[in-house]
Amino acid sequence: MVEIEIDGKTLQVADGSTIIEAAHQLGVYIPHFCYHKKLSIAANCRMCLVQVEKAPKPMPACATPVTNGMKVFTHSELAVKAQKAVMEFLLINHPLDCPICDQGGECQLQDLAVGYGESASKYEEEKRVVPDKNLGPLVSTDMTRCINCTRCIRFTAEIAGFMELGQAFRGEHAEVMPFIGKTVDTELSGNLIDLCPVGALTSKPFRFSARTWELSRRKSVSPHDGLGSNLIVQTKHDRVIRVLPLENEDINECWLTDKERFSYQGLNSAERLTRPMVKQGGAWKEVDWNVALDYASHALRDVAKTHGGGAIGGLLSPHSTLEELYLAQKLLRGLGSENIDCRLRQSDFSADGKRKGTPWLGMKIADVSRLDRVLLVGSFLRKDQPLLAQRLRQSAKRGAQISVLHSADDDLLIKLTARAIASPSQLPAVLAQIVKAVCALKGVTADPALAGLTVSAEAQAIAQSLASGGTSGILLGNFAQQHAQAATLHSLGRQLASALGGGFGFLGEAANSVGGYVAKAVPTGAGLNAAAMIQSPRQAYVVLGAEPELDCADGAKALESLSKAAAVVVLTPFKSQTMLDYAAVLLPVSPFSETSGTFVNTEGRVQSFYAAAKPLGETRPAWKVLRVLGNLLGVTGFDFNSSEEVRTEALGGQPEFVSGLDNAIDSGALNLTASATGFERVADVPIHFADPLVRRAPALQQARDSAAPAARMNASMLAKLGLVEGGSVRVGGAAAVTLAAQLDTALPDGVVRVAAAHSATVALGAMAGVVSVEKA
Amino acid sequence: MNNQYDMLSPEALAKIDREVAKYPADQKQSAVMAALVIAQDEKGWLSQETIAAVAAYLGMAPVAAYEVASFYNMYDLQPVGKYKLTVCTNLPCALSGGVHAADYVKEKLGIDFNETTADGKFTLKEGECMGACGDAPVMLVNNKRMCSFMLPEQIDKLLAECK
């Protein structure tokens, strides 16, 4: 620690801190543009010049390390003169277009110009004009406004992992641009908008729609991936028109993924269901709530009476709130049904009944950043949990060793130490090899089932990295959880973690993947799980917030079962043609922005939020709809007056973290036999197709990540089938679909990668399994 | 499989390898300036594809290579004539007749700065200080040959040499 004095106040700061960090500690504001606490230091804007005693000239506070006894003056005559001079230079080329600039009112340059700018400029020559760039559908540019702070460039290189922006040309002609003809395609691109201290980079979907002071704002929580990023939802006239990150160092830091930032467009989609609808005599009619609720409760009661409660199945979206899931399961159990599940994309449920508790991340999100050795098993991490990928990217830079075991080798933009890429059916065997190798290295007795295995070179390399010290973590991604032998991967992962003495966890797929277990939205006893409910069709279904054809592991089968059912009651914010085909009644319920509720994120953190806007049309919060349904059906214990009461009942109080989190499992004998003949399907869930809300966000749907699914294979598989890239290929599952062939050198042999959750590939059926592939 | 840098000849890649060898193995991109020179020597100018190829070979982002290529005016981002003449017009040269030298070349060739003669022989560029102010006015031919004291007489001689 060193002692320094800033503006006459002394304080202790850590060695190696900079003046600006010390000043922030003290609450002293030093004007700045290029400095950002999460980015490297550039010191190129010079706005943070301060006076340092004994220094002959002003020093940049962001780049000057503190020394013992240093005296800093941030508002002395010298400092202010320097800052004003810098401001004069910055304004020379900056256009005076604040009245038409989207940044107006929340612009650092505008704010600081008030404090440090002169009322008139001495500069009379021509101002420079910089051509705008096309950065894609999300970020809009007005490059003439750019002050060349290079925050955006440093963000792409350091946080997003690939330098997509650079500063081309020199001196007065310097301009920030992507490589010729390229766009910024990172899944974190929206953060550029927040980082830009001027109006050079603004939000394309939000462009020209409102001024910051016209917006009302509410804190909220992201309904997408398992992290539960904190949001500020901004509304104008009760319409959500912008979403910004709410800084939370333990979860999303100061970032948001594009999905979280721009999915709000889906809230204003034309496909929003605004009035209850019932199907009468094959025709859809918009009706009043009481008619629709009567209709729904009669339908469910009839089925329960004639066929028993077990004839009803509940398919609940894991993106629903805790309160909704809790009431939905309570309602279904009240009707005598145990067929309740929110794990819609899971295909192996053999761990049910063997788990000791709720599967979770196994550690705090912030602790992921502290791991020294990480093995990612079956994870499209960059697209599934982009902000966790960001954390690991930073870890790798400080020396953490990250390894991957997966069926695809997408570039995570993380420096990997070792990797093993195997077809889905081989994943358990390779993981077992890693366990065996680690046990040998650590001198631990391995599971006898592993005795006959030969350890491959890749598995050995991963094992050596894991066993080489530090705290380790084994993380199972979405793909591993959706895998046909998910339970085997689970027990092997646990064995590996215990041999290493490290952490083990699941990366939460959806906002309430953990919350679903806490809300008991999973079957118990003889109840049917999500897959079984679809495999053996029910008489009636209650669907909450999901589009089963896109959100279930086997969309084709789900659609078939729903179509055969006598009554399907759908609680949904959106309507689709498919829904109109299979449903009997559609109840318009609020998306996350129009209801109060709670998400339990992947680390078990309970995060509640309030509605940010009034429900659209006759939409009502789902917890209220379920409550009324409960009353109508005469289920006891449905006298809730607020979502908080539901939460208290579901959680047994108001904990910060839920209890009962435990990844332990009674594994029993391991089954490592792999049998797959023909092409195995590797199905990823594309980032912008993962849930009904994001599927309806038009700007995101134009992003590069939303390209139409292709049949991706490696070069030798393409050659074997006589295919060329771009040629047509017929992929046959439950039914056949024709897709474009695409080369993906990172895939193993015997594998075809076809994205799920997309209308073009629904007909294929199961996400996991064998498909036929032939030239079309 | 086709690599992105297949467009560069094996000889050029071998030359780049020599440059790469001068730096630590994990800092290949340190050789970017030399690699761009080698690529430009082979291709005549640096197209977007050439820059991307160099970047791919050095394992760096294409825009990072473009930053370098666009910074220095010895890298040509557009095709140039057979002889690229760069005239320094910075202060010491300007005081010793650099501007006149440029005007003389313009008149002789009938082109302005950043233009190429119709026969594709000459391209004229305005240059920054070449570090030889004592020899002002100076000119550079094809980025590598420095010509000192470029008064009209010398310029005539130079143009006559360039065939």
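Residues numbered from 1 in each chain as written. Chains lettered and ligands numbered in written order. Predicted model: local features only at pLDDT ≥ 70, side-chain atom pairs only at ≥ 80, totals over all residues. Heavy atoms only, no water.

**Remarks on the overall build of chain B**
As a reminder, the rule being used: Secondary structure elements follow DSSP: runs of H or I of four or more residues count as helices, runs of E of two or more count as strands, with numbering from the N terminus. Per-residue accessibility, obtained with a 1.4 Å probe over protein chains only, is compared with the maximum for each type, and a residue is labelled buried under 20%, exposed over 50%, and partly exposed between these values. Contacts were defined at the residue level, with two residues in contact if any of their heavy atoms lie within 4.5 Å. All accessibility values rest on the Shrake-Rupley procedure with a 1.4 Å probe; residue burial counts only the protein chains present in the view. When charges are counted, neither His nor the chain ends are considered; positive counts come from Lys and Arg and negative counts from Asp and Glu. Positions of charges follow a simple convention, taking NZ of Lys, CZ of Arg, CG of Asp or CD of Glu.
Of regular secondary structure, chain B possesses seven helices and five strands. Going from N to C terminus, chain B has its helices and strands arranged as α-α-α-α-β-α-α-β-β-β-β-α. With the C-alpha coordinates of chain B rotated into their principal frame, the extents come out at 55 × 35 × 25 Å. Relative to its full complement of 163 residues, chain B shows a buried share of 44%. Sequence separation of 24 or more characterises 60% of the internal contacts of chain B that already satisfy a separation of 6 or more. Accessible surface for chain B amounts to roughly 8500 Å². Of this, 52% is attributable to carbon and sulfur atoms. Within chain B, the 21 negative side-chain charges are centred at a point lying 6 Å from the centre of the 15 positive side-chain charges.

**A closer look at the sheet that holds strand β12 (residues 239–245) of chain A**
Residue and element names in this part refer to chain A. To keep things clear, this is the line we draw: Should DSSP find at least two bridges between two strands, the strands are taken to pair. Axis definition: a line fitted to C-alpha atoms, limited for helices to the stretch in contact. Angles are taken between N-to-C directions and run from 0 to 180 degrees.
Pairing is antiparallel across the open sheet formed by three strands, whose spatial order is β10-β11-β12. One side of each edge strand has no neighbouring strand; the edge strands of this open sheet are β10 (216–221) and β12. Across the sheet, the axes of successive neighbouring strands diverge by a mean angle of 30°, strand direction being ignored.

**Details of the pattern of salt bridges**
All names here are of chain A. Filter applied, for reference: One side-chain nitrogen of Lys or Arg within 4 Å of one carboxyl oxygen of Asp or Glu is enough to make a salt bridge.
Inspection of every chain in the model, using the stated rule, returns 53 salt bridges over all chains. D97 is paired through a salt bridge with R145; the nearest N and O atoms lie 2.9 Å apart. Of this pair, D97 sits in the loop between α2 (77–92) and α3 (108–116) while R145 sits in the loop between β6 (139–141) and α4 (151–159), placing them 48 residues apart in sequence. With relative accessibility at 4%, the residue R145 sits in the buried group. The closest approach of N and O atoms between R605 and D250, which form a salt bridge, is 3.8 Å. Remark: D250 occurs in the loop between β12 and α6 (258–262) and R605 occurs in the loop between β25 (597–600) and β26 (606–609); sequence separation between them is 355 residues. Assessed through its relative accessible area of 10%, R605 is described here as buried. Residue classification places D250 among the partly exposed positions, given a relative accessible area of 35%. A single salt-bridge network, built from bridges that share partners, covers E271, R345, E509, E547, D551, R695 and R696.

**With respect to the interface of chain B and chain A**
Heads up, the condition is: Once two parts are brought into contact, the accessible area they lose, counted with a 1.4 Å probe and summed over both, makes up the buried area. Think of it as three bins: nonpolar holds Ala, Val, Leu, Ile, Met, Phe, Trp, Tyr, Cys and Pro, charged holds Asp, Glu, Lys and Arg, and polar takes everything else, Gly as well.
On the side of chain A, 15 residues touch chain B, which itself brings 16 residues to the contact. Buried surface at the junction of chain B and chain A, summed over both partners, amounts to about 1300 Å²; 71% is from carbon and sulfur atoms. Considering only the side of chain B, the residues that lose the most area to chain A are Q48, V63 and Y66 of chain B, jointly responsible for 41% of the buried surface there. If you look at where chain B meets chain A, you find one salt bridge. For E128 of chain B, the salt bridge is made with R170 of chain A, and the minimal N-O distance between the two is 3.7 Å. Secondary structure elements with two or more residues in the side of chain B that touches chain A: α3 (48–58) and α4 (62–71) of chain B. Examining the composition of the side of chain B that touches chain A, we find that seven residues originate from one element, α4 of chain B, more than from any other. In terms of residue class, the side of chain B that touches chain A is built from 11 nonpolar, three polar and two charged.

**Here we look at the packing of aromatic side chains**
Stated formally: For this analysis, a ring pair means two rings from Phe, Tyr or Trp (six-membered ring only for Trp) whose centres lie within 6.5 Å, classed as stacked if their planes differ by under 30 degrees, edge-to-face if by over 60, and tilted for the remaining angles.
Tallied over the full model, the rule gives 10 aromatic pairs over all chains. A centroid spacing of 5.4 Å and a plane angle of 75° characterise the contact between F504 of chain A and F506 of chain A, whose relative ring orientation is edge-to-face. With relative accessibility at 7%, the residue F504 of chain A sits in the buried group. Geometrically, the ring pair formed by Y72 of chain B and Y75 of chain B is edge-to-face, given 6.2 Å between the ring centres and 75° between the ring planes. A relative accessible area of 36% means that Y72 of chain B is categorised as partly exposed. An aromatic cluster of at least three residues, connected via ring pairs, comprises F169 and F179 of chain A together with Y66 of chain B.

**Observations concerning a nonpolar patch on the surface**
Residues and elements named next belong to chain B. Selection criterion: Residues with no salt bridge and a relative accessible area higher than 30% make up the patches, which join like charges within 9 Å and nonpolar side chains (Val, Leu, Ile, Met, Phe, Trp, Tyr) within 5 Å.
There is a patch of nonpolar side chains on the surface, built from M33, F71 and Y72 and spanning about 260 Å² of accessible area. Turning to its location among the elements, M33 is positioned in helix α2 (residues 32–43). For M33, a relative accessible area of 37% gives the class partly exposed.

**A closer look at the state of the cysteines**
Residue and element names in this part refer to chain A. Operational definition: What counts as a disulfide here is a pair of cysteine sulfur atoms lying within 2.5 Å.
Taken as a whole and assessed by the stated rule, the structure comprises zero disulfides over all chains. C107 supplies the cysteine sulfur nearest to C98, a cysteine that is in no disulfide, at a spacing of 6.4 Å. On the basis of relative accessibility, which here comes to 29%, the residue C98 falls in the partly exposed class. Take C342: it sits in no disulfide, and the sulfur closest to it among the cysteines is that of C552, at 11 Å.

Bear in mind that shape data such as this cannot, by itself, settle questions of function.
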